[in-house]
Amino acid sequence: WLKASSARVSAGSPSRDPRAPPQVQLVRMAGEKKQIAGAAARKRVKKGTKQPVRLYAKGVILGYKRSKSNSYANTTLVKIDGVRTKEHAKWYFGKRIAYVYKAKKEVNGSKFRVLWGKVRRAHGNSGVVRTKWSKNVPPRAFGAACRVMMYPSSQ
(Lines give C-alpha, C1' and ligand atoms only; values in the text may rest on other atoms or scores of the structure.)
Protein backbone atom coordinates (compact mmCIF):
# COMPACT_ATOMS: atom_id res chain seq x y z
CA TRP A 1 0.00 0.00 0.00
CA LEU A 2 2.98 2.22 -0.22
CA LYS A 3 4.75 3.64 -3.19
CA ALA A 4 8.50 3.51 -3.05
CA SER A 5 8.79 7.09 -4.25
CA SER A 6 6.23 8.38 -1.78
CA ALA A 7 8.31 7.70 1.35
CA ARG A 8 9.94 10.83 2.62
CA VAL A 9 13.04 10.75 4.79
CA SER A 10 13.80 13.67 7.06
CA ALA A 11 17.51 13.98 7.66
CA GLY A 12 17.06 15.39 11.09
CA SER A 13 15.68 18.58 12.53
CA PRO A 14 17.68 20.96 14.70
CA SER A 15 15.89 19.74 17.82
CA ARG A 16 16.71 16.06 17.13
CA ASP A 17 19.79 14.15 18.22
CA PRO A 18 22.15 13.82 15.20
CA ARG A 19 22.94 10.21 16.15
CA ALA A 20 19.24 9.16 16.01
CA PRO A 21 18.08 7.30 12.87
CA PRO A 22 16.17 9.36 10.31
CA GLN A 23 12.33 9.34 10.54
CA VAL A 24 10.30 7.93 7.67
CA GLN A 25 6.92 9.45 6.84
CA LEU A 26 4.60 7.15 4.91
CA VAL A 27 2.12 8.58 2.43
CA ARG A 28 -0.96 6.55 1.48
CA MET A 29 -2.39 6.27 -1.98
CA ALA A 30 -5.70 7.98 -2.78
CA GLY A 31 -8.28 5.13 -2.55
CA GLU A 32 -6.72 3.42 0.41
CA LYS A 33 -8.35 5.42 3.19
CA LYS A 34 -11.81 4.03 2.36
CA GLN A 35 -10.59 0.42 2.42
CA ILE A 36 -9.03 0.82 5.84
CA ALA A 37 -12.12 2.57 7.19
CA GLY A 38 -14.33 -0.27 5.91
CA ALA A 39 -12.15 -2.90 7.58
CA ALA A 40 -12.26 -0.99 10.86
CA ALA A 41 -16.06 -0.82 10.70
CA ARG A 42 -16.26 -4.60 10.26
CA LYS A 43 -14.01 -5.14 13.26
CA ARG A 44 -16.22 -3.01 15.52
CA VAL A 45 -19.20 -5.40 15.30
CA LYS A 46 -19.83 -6.93 18.72
CA LYS A 47 -19.86 -10.71 18.74
CA GLY A 48 -22.23 -10.97 21.70
CA THR A 49 -25.15 -9.19 20.01
CA LYS A 50 -26.48 -11.93 17.73
CA GLN A 51 -30.05 -11.75 16.52
CA PRO A 52 -32.29 -14.64 17.57
CA VAL A 53 -32.61 -17.36 14.95
CA ARG A 54 -36.09 -18.08 13.60
CA LEU A 55 -36.68 -21.83 13.72
CA TYR A 56 -39.76 -21.82 11.52
CA ALA A 57 -40.83 -20.81 8.02
CA LYS A 58 -43.59 -18.26 7.66
CA GLY A 59 -46.85 -19.36 6.11
CA VAL A 60 -50.35 -18.05 5.41
CA ILE A 61 -53.57 -19.99 6.00
CA LEU A 62 -55.55 -19.76 2.76
CA GLY A 63 -58.75 -21.61 3.62
CA TYR A 64 -60.35 -25.04 3.62
CA LYS A 65 -59.86 -27.52 0.82
CA ARG A 66 -63.00 -27.29 -1.30
CA SER A 67 -64.71 -27.88 -4.59
CA LYS A 68 -67.41 -25.77 -6.21
CA SER A 69 -70.10 -26.70 -3.72
CA ASN A 70 -68.40 -28.83 -1.05
CA SER A 71 -66.05 -27.61 1.68
CA TYR A 72 -63.70 -29.95 3.59
CA ALA A 73 -63.03 -28.32 6.94
CA ASN A 74 -60.70 -31.09 8.14
CA THR A 75 -58.10 -30.11 5.52
CA THR A 76 -56.69 -26.57 5.40
CA LEU A 77 -54.57 -25.08 2.60
CA VAL A 78 -51.40 -23.23 3.59
CA LYS A 79 -49.01 -21.16 1.44
CA ILE A 80 -45.42 -21.38 2.73
CA ASP A 81 -43.06 -18.45 2.02
CA GLY A 82 -40.38 -19.28 -0.56
CA VAL A 83 -42.04 -22.50 -1.73
CA ARG A 84 -43.01 -22.25 -5.40
CA THR A 85 -43.17 -25.84 -6.68
CA LYS A 86 -44.46 -29.24 -5.67
CA GLU A 87 -40.86 -30.48 -5.38
CA HIS A 88 -39.91 -27.70 -2.93
CA ALA A 89 -43.01 -28.49 -0.86
CA LYS A 90 -41.88 -32.12 -0.38
CA TRP A 91 -39.33 -31.07 2.25
CA TYR A 92 -42.15 -29.77 4.48
CA PHE A 93 -44.24 -32.98 4.43
CA GLY A 94 -44.68 -34.22 7.99
CA LYS A 95 -43.48 -30.96 9.54
CA ARG A 96 -45.42 -29.47 12.46
CA ILE A 97 -47.37 -26.28 11.90
CA ALA A 98 -48.65 -23.79 14.49
CA TYR A 99 -51.36 -21.13 14.34
CA VAL A 100 -50.70 -18.70 17.22
CA TYR A 101 -53.57 -16.38 18.13
CA LYS A 102 -54.56 -14.10 20.98
CA ALA A 103 -57.67 -14.65 23.10
CA LYS A 104 -59.37 -12.36 25.63
CA LYS A 105 -59.31 -14.73 28.60
CA GLU A 106 -55.97 -15.50 30.21
CA VAL A 107 -55.24 -19.23 30.61
CA ASN A 108 -52.09 -20.51 32.37
CA GLY A 109 -50.74 -16.94 32.62
CA SER A 110 -50.95 -16.19 28.88
CA LYS A 111 -53.49 -14.76 26.47
CA PHE A 112 -51.81 -16.50 23.54
CA ARG A 113 -53.10 -19.86 22.33
CA VAL A 114 -51.77 -22.30 19.75
CA LEU A 115 -53.47 -24.71 17.36
CA TRP A 116 -51.11 -27.47 16.18
CA GLY A 117 -51.26 -29.30 12.88
CA LYS A 118 -49.18 -31.22 10.38
CA VAL A 119 -48.26 -30.69 6.73
CA ARG A 120 -49.68 -33.66 4.82
CA ARG A 121 -49.14 -33.25 1.08
CA ALA A 122 -48.95 -30.78 -1.80
CA HIS A 123 -52.01 -29.12 -3.29
CA GLY A 124 -51.50 -28.33 -6.96
CA ASN A 125 -48.20 -27.38 -8.59
CA SER A 126 -47.51 -23.97 -7.04
CA GLY A 127 -46.20 -25.00 -3.62
CA VAL A 128 -49.43 -24.78 -1.61
CA VAL A 129 -49.74 -27.62 0.94
CA ARG A 130 -52.64 -29.43 2.59
CA THR A 131 -52.56 -29.54 6.37
CA LYS A 132 -54.47 -31.44 9.05
CA TRP A 133 -55.00 -29.86 12.47
CA SER A 134 -55.75 -31.16 15.96
CA LYS A 135 -58.97 -29.15 15.79
CA ASN A 136 -60.32 -27.61 12.61
CA VAL A 137 -58.97 -24.12 12.00
CA PRO A 138 -61.65 -21.45 12.51
CA PRO A 139 -62.58 -19.36 9.44
CA ARG A 140 -61.38 -16.17 11.13
CA ALA A 141 -57.84 -17.58 10.71
CA PHE A 142 -58.06 -17.44 6.90
CA GLY A 143 -55.40 -15.02 5.68
CA ALA A 144 -53.58 -15.12 9.02
CA ALA A 145 -49.93 -16.01 9.52
CA CYS A 146 -48.84 -19.42 10.76
CA ARG A 147 -45.50 -21.00 11.59
CA VAL A 148 -44.20 -24.07 9.76
CA MET A 149 -41.67 -25.60 12.14
CA MET A 150 -38.42 -27.11 10.90
CA TYR A 151 -39.07 -30.29 12.89
CA PRO A 152 -39.48 -33.25 12.92
CA SER A 153 -36.58 -33.53 10.50
CA SER A 154 -35.48 -36.69 8.72
CA GLN A 155 -31.96 -35.36 8.06
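Attention in this report is confined to the structure presented alongside it. The model shown is predicted, which means the values in this text are computed figures rather than measured ones.

Summarising the sheet, strand β5 (residues 96–107) and strand β6 (residues 110–122) pair through 8 bridges and their orientation is antiparallel. Bridge assignment links Y99 to a residue of β6, and that residue is L115. The turn joining β5 and β6, which pair antiparallel and follow one another in sequence, is formed by 2 residues; a positive phi near 55 degrees is taken by N108. Summarising the sheet, β5 and strand β8 (residues 145–149) pair through 2 bridges and their orientation is antiparallel. Directly across from A98, in β8, lies its bridge partner R147.

So, about the side chain of T75. By secondary structure assignment, the location of T75 is in strand β4 (residues 71–80). Taking the relative accessible area as the measure of exposure, T75 reaches 18% and is therefore buried. In terms of polar contacts, T75 uses its side chain to reach the side chain of N74, at 3.5 Å.

This next bit is on a nonpolar patch on the surface. Together, V100, F112, V114, W116 and Y151 line one region of the surface with nonpolar side chains, adding up to about 440 Å² of accessible area. Ranked by residue count, the leading element in the nonpolar patch is β6, at 3 residues. For F112, the location among the structural elements is in strand β6.

Rules and cut-offs
- Residues numbered from 1 in each chain as written.
- Predicted model: local features only at pLDDT ≥ 70, side-chain atom pairs only at ≥ 80, totals over all residues.
- Heavy atoms only, no water.
- Pairing = 2+ DSSP bridges.
- Helix = DSSP H or I, 4+ residues; strand = E, 2+ residues; numbered from the N terminus.
- Buried < 20%, exposed > 50% of the residue type's maximum accessible area, 1.4 Å probe, protein only.
- Polar contact = N/O pair within 3.5 Å; in protein donor to acceptor, adjacent residues only side chain to side chain.
- Patch = residues over 30% accessible without salt bridge, like charges linked within 9 Å, V, L, I, M, F, W, Y side chains within 5 Å.
- Areas by Shrake-Rupley, 256 points an atom, 1.4 Å probe, with all protein chains shown as cover.
- Salt bridge = Lys/Arg side-chain N within 4 Å of Asp/Glu carboxyl O.

No statement about biological role is implied by the geometric values presented.
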